[in-house]
Amino acid sequence: MDFYETQFINIKKYKSSIKDSSINTYLSSIKKLCKELFNSDSCNLMYFKDYSSIFEYLETVTSLSTRKNICTAIIILLKSNDLGNIVKQENLKSPVGLSLNFVPYHFIINNS
């Protein structure tokens, strides 16, 4: 089973009410991100700890709704793999003093 098949199953387990088409949309965003940013056809969850590179990539995305969709896909992916500590919202209330252990994807979404 490849990365994307595994993640489809993980997301479905994490959020059983989600439609398959939504999962496919999330995974398409992840696949595009991995291909364009990390030059990789296969993805690795740890890529998403490199949030400075992802922020730089997001700055090239002109549509705010697309940025939000990419961040949502990353959050769902990480939380469905028990990596929610990377995106703990209580650590993301302000861009000042953010812990480098946490990726501020919620911050991007809330400020879009």
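Here is a short report on the structure shown in this document. (Residues numbered from 1 in each chain as written. Predicted model: local features only at pLDDT ≥ 70, side-chain atom pairs only at ≥ 80, totals over all residues. Heavy atoms only, no water.)

**Description of the state of the cysteines**
Taken as a whole, this structure holds one disulfide when the rule is applied. In this model, C34 is linked to C43 through a disulfide, with the two sulfur atoms separated by 2.1 Å. The class for C34 is buried, based on a relative accessible area of 0%. Overall, C43 belongs to the buried group, its relative accessible area being 9%. (Disulfide = S-S within 2.5 Å. Buried < 20%, exposed > 50% of the residue type's maximum accessible area, 1.4 Å probe, protein only.)

**As for the packing of aromatic side chains**
For the coordinates displayed, the defined rule picks out two aromatic pairs. Aromatic pair F3 and Y4: ring centres 5.1 Å apart, planes at 90°, arrangement edge-to-face. Taking the relative accessible area as the measure of exposure, Y4 reaches 12% and is therefore buried. Relative to Y47, the ring of F38 lies with its centre 4.4 Å away and its plane at 25°, an arrangement referred to as stacked. The ring of Y4 has K31 lying over it, and the distance from NZ or CZ to the ring centre is 5.5 Å. (Phe/Tyr/Trp six-rings, centres within 6.5 Å; stacked < 30°, edge-to-face > 60°. Lys NZ or Arg CZ within 6 Å of the ring centre and 35° of its normal.)

**Things to note about the pattern of salt bridges**
Taken as a whole and assessed by the stated rule, the structure comprises three salt bridges. The salt bridge involving E36 is made with K32; its shortest N-O contact spans 3.9 Å. Residue E36 and its partner K32 are both found in helix α2 (residues 20-38); the two are separated by four residues, about one turn of the helix. K35 is paired through a salt bridge with D41; the nearest N and O atoms lie 3.4 Å apart. (Salt bridge = Lys/Arg side-chain N within 4 Å of Asp/Glu carboxyl O. Helix = DSSP H or I, 4+ residues; strand = E, 2+ residues; numbered from the N terminus.)

**Observations concerning helix α1 (residues 3-14)**
With 12 residues, α1 should reach 16 Å at 1.5 Å per residue; the first-to-last C-alpha distance of 16 Å fits that figure. Those residues of α1 that are buried are in contact with α2 and α4 (64-79). (Expected span 1.5 Å × (residues − 1). Contact = heavy atoms within 4.5 Å.)

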